[in-house]
Amino acid sequence: MPGPTLFFSTLMSDEARSIARGVEKRDPDLLDRLIERYQYRLFRYLVYVTGNKDRAEDFFQETWIRVLERGHQYDGKSKFEAWLFAIARHLVIDWQRSKKPQSLDTLTDPHQEHPLQLANENDPSPLHQILSQEQEENVQASLEKIPAIYREVLVLRFQEELQIEEMVGVLGIPLSTVKSRLYRGLEALRGALQRGPA
Amino acid sequence: MSADLHTRANQLNAQERVEGISEAEREWLGAHMQECMLCADLARQTDQALRWMRTTAIPFPSGLASRTQFRVRLRAQELREREPKRRALWLACGVSWIFGVASAPYVWNVFQWFGQRAGLPKLVWELGFGLWWTIPAFFAAAVLLMESSRKGEQADWISQGS
């Protein structure tokens, strides 16, 4: 019976369209509500991709400024969060490019060790410091060992629960690449879990 | 048990999470998991790790949301204030263009008269006429460049401290 599925997907697309209208008009009340609604998810995503809490805070603010400025580019055809994460991701990549112009390739080449640069693995990373309050030290250590480019797809798929098609929009890469990164990410996670905490 | 079977089990485990697997594959995987503790353990650990990712709470910095809301409102106000100026700029460009087209024959005559009087080669006063036409466009481009460089300076806070 397609009833509930159809109902929820219509509801979601109606919501996305109303968000699109609001952000296009730069409705400040809507933006306030959106900031509150997506604050944890966006911040968590930024912590994972930057590996740095302070940096994540900066990017958090800058992402919402971009949402305000580029609101007219959101058409409401996809989930708002997918567009939001795409903006955040582009900001991080732009910053990394301006910081390290000689390593452009590392941003797009998944075979490079740290395409989205994180703190030195030998040091206790800021990500570790943030997450260390949690009980699952083993899982946490395993996640930290995964190259950022694979961790990012795992985060988007299994933490933010985005569909693979939505991830294509966020990451700006072909569907087949998203899938292969997911497979490699899961493989890396499995390998890290097998090896256990260092 | 051969290594191929474990590899297939691992592949199916990953495939199930990414694209889904067929009923027959699920049955085979279930049967393998019952026999192989190693694969079952690994699948359970992976499940646990992915579940942990979903449920983990990263402490959200206090005041970040309200600081962001404040900045966004401030920027929105700035953009609203800038909008009429931008509209006025385009309007002025449009009007000057229309005026330029309407007055082109007269301006041409003026340039011709001045060129002949000053004894300039035809190419020079024709070039002068062409440049006269580009002045509004240059003016608009200069204003837009100034605006974007100011915006660039404002965004510099991100690269600072890196």
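Everything in this summary refers to the structure shown in the same document. (Residues numbered from 1 in each chain as written. Chains lettered and ligands numbered in written order. Predicted model: local features only at pLDDT ≥ 70, side-chain atom pairs only at ≥ 80, totals over all residues. Heavy atoms only, no water.)

1. Thoughts on the interface of chain B and chain A
Counting residues at the interface gives 39 residues for chain B and 51 residues for chain A. When the two sides are added together, the surface that chain B and chain A hide from each other amounts to roughly 4,600 Å², 66% of it contributed by carbon and sulfur. Area buried by chain B at its contact with chain A is led by Trp52(B), Met53(B) and Ile58(B), which between them contribute 17% of it. Put simply, chain B and chain A have six salt bridges between them. Where Asp32(A) meets Arg73(B), a salt bridge forms, and the shortest distance between an N and an O atom there is 2.8 Å. At the junction of chain B with chain A, the criterion picks out ten residue pairs in polar contact (both at pLDDT 80 or more). The set of elements that each furnish at least two residues to the side of chain B that touches chain A consists of helix 1 (3–18), helix 3 (37–55) and helix 4 (64–118) of chain B. Residues of the side of chain B that touches chain A, tallied by class, amount to 19 nonpolar, ten polar and ten charged. (Contact = heavy atoms within 4.5 Å. Buried area = accessible area lost by both parts, 1.4 Å probe. Salt bridge = Lys/Arg side-chain N within 4 Å of Asp/Glu carboxyl O. Polar contact = N/O pair within 3.5 Å; in protein donor to acceptor, adjacent residues only side chain to side chain. Helix = DSSP H or I, 4+ residues; strand = E, 2+ residues; numbered from the N terminus. Nonpolar A, V, L, I, M, F, W, Y, C, P; charged D, E, K, R; others polar.)

2. Section: the nonpolar core
Core analysis: the biggest nonpolar cluster contains 69 residues, and Val23(A), Leu46(A), Phe60(A), Trp64(A), Val67(A), Phe80(A) and Leu182(A) have the highest contact counts within it. For this core, the element with the highest residue contribution is helix 2 (residues 28–50) of chain A, accounting for twelve residues. Both of domain 1 (1–111) and domain 2 (118–198) of chain A provide at least three residues apiece to this core. In this view, Phe60(A) contacts Ile35(A), Gln39(A), Leu42(A), Phe43(A), Leu46(A), Phe60(B), Leu64(B) and Thr68(B); residues no more than four positions away in its chain are not counted. In terms of nonpolar packing, the next biggest core, distinct from the first, is built from eight residues, Ala9(B), Leu12(B), Ile21(B) and Cys39(B) among them. (Core = buried A, V, L, I, M, F, W, Y, C linked by side-chain atoms within 4.5 Å. Buried < 20%, exposed > 50% of the residue type's maximum accessible area, 1.4 Å probe, protein only. Domains from an automatic or database assignment.)

3. Let's talk about the packing of aromatic side chains
Residues and elements named next belong to chain B. One pass over the full model with this rule turns up 14 aromatic pairs over all chains. Ring centres 5.0 Å apart and planes at 70 degrees place the aromatic pair Trp-108 and Trp-125 in the edge-to-face group. Taken as a pair, Trp-108 in helix 4 and Trp-125 in helix 5 (residues 122–154) lie far apart in primary sequence, 17 residues in all. By relative accessible area, which is 29% here, Trp-108 ends up partly exposed. Aromatic pair Phe-111 and Phe-129: ring centres 6.1 Å apart, planes at 80 degrees, arrangement edge-to-face. (Phe/Tyr/Trp six-rings, centres within 6.5 Å; stacked < 30°, edge-to-face > 60°.)

4. Here's the deal with the packing of helix 1 of chain B against helix 2 (residues 23–35) of chain B
All names here are of chain B. Closest axis-to-axis distance for the helix 1/helix 2 pair is 10 Å, and the angle between their directions is 125 degrees. Relative to helix 2, helix 1 is oriented oblique. Remark: the crossing between helix 1 and helix 2 carries left-handed chirality. In contact with Leu-5, His-6, Arg-8, Ala-9, Leu-12, Asn-13, Gln-15 and Glu-16 of helix 1, helix 2 contributes Glu-25, Arg-26, Trp-28, Leu-29, His-32 and Met-33. (Axes fitted to C-alpha atoms, helices over the stretch in contact; angles between N-to-C directions. Parallel < 35°, antiparallel > 145°, perpendicular 65-115°, else oblique. Left-handed = near helix turned anticlockwise from the far one by under 90°.)

5. Section: helix 9 (residues 164–171) of chain A
Those residues of helix 9 of chain A not exposed but buried are Ile164(A), Glu166(A), Met167(A), Val170(A) and Leu171(A). One side of helix 9 of chain A holds all its buried residues, which, seen down the axis, span an arc of 145 degrees. Opposite its buried face, helix 9 of chain A presents the exposed residues Glu165(A) and Gly169(A), each directed more than 90 degrees away. Of the surrounding secondary structure, the elements contacted by the buried residues of helix 9 of chain A are helix 2, helix 4 (80–99), helix 8 (148–159) and helix 10 (175–195) of chain A together with helix 1 of chain B. Trailing helix 9 of chain A by a residue or two, Gly172(A) shows a phi angle of about 65 degrees, which is positive. (Arc of directions from axis to C-beta.)

6. Some details on unusual backbone geometry
All names here are of chain A. For Arg-26, which is not a glycine, the phi torsion comes out positive at approximately 55 degrees. One non-glycine residue, Glu-161, adopts positive backbone phi at about 55 degrees. Accessibility expressed as a relative area gives 44% for Glu-161, which makes it partly exposed.

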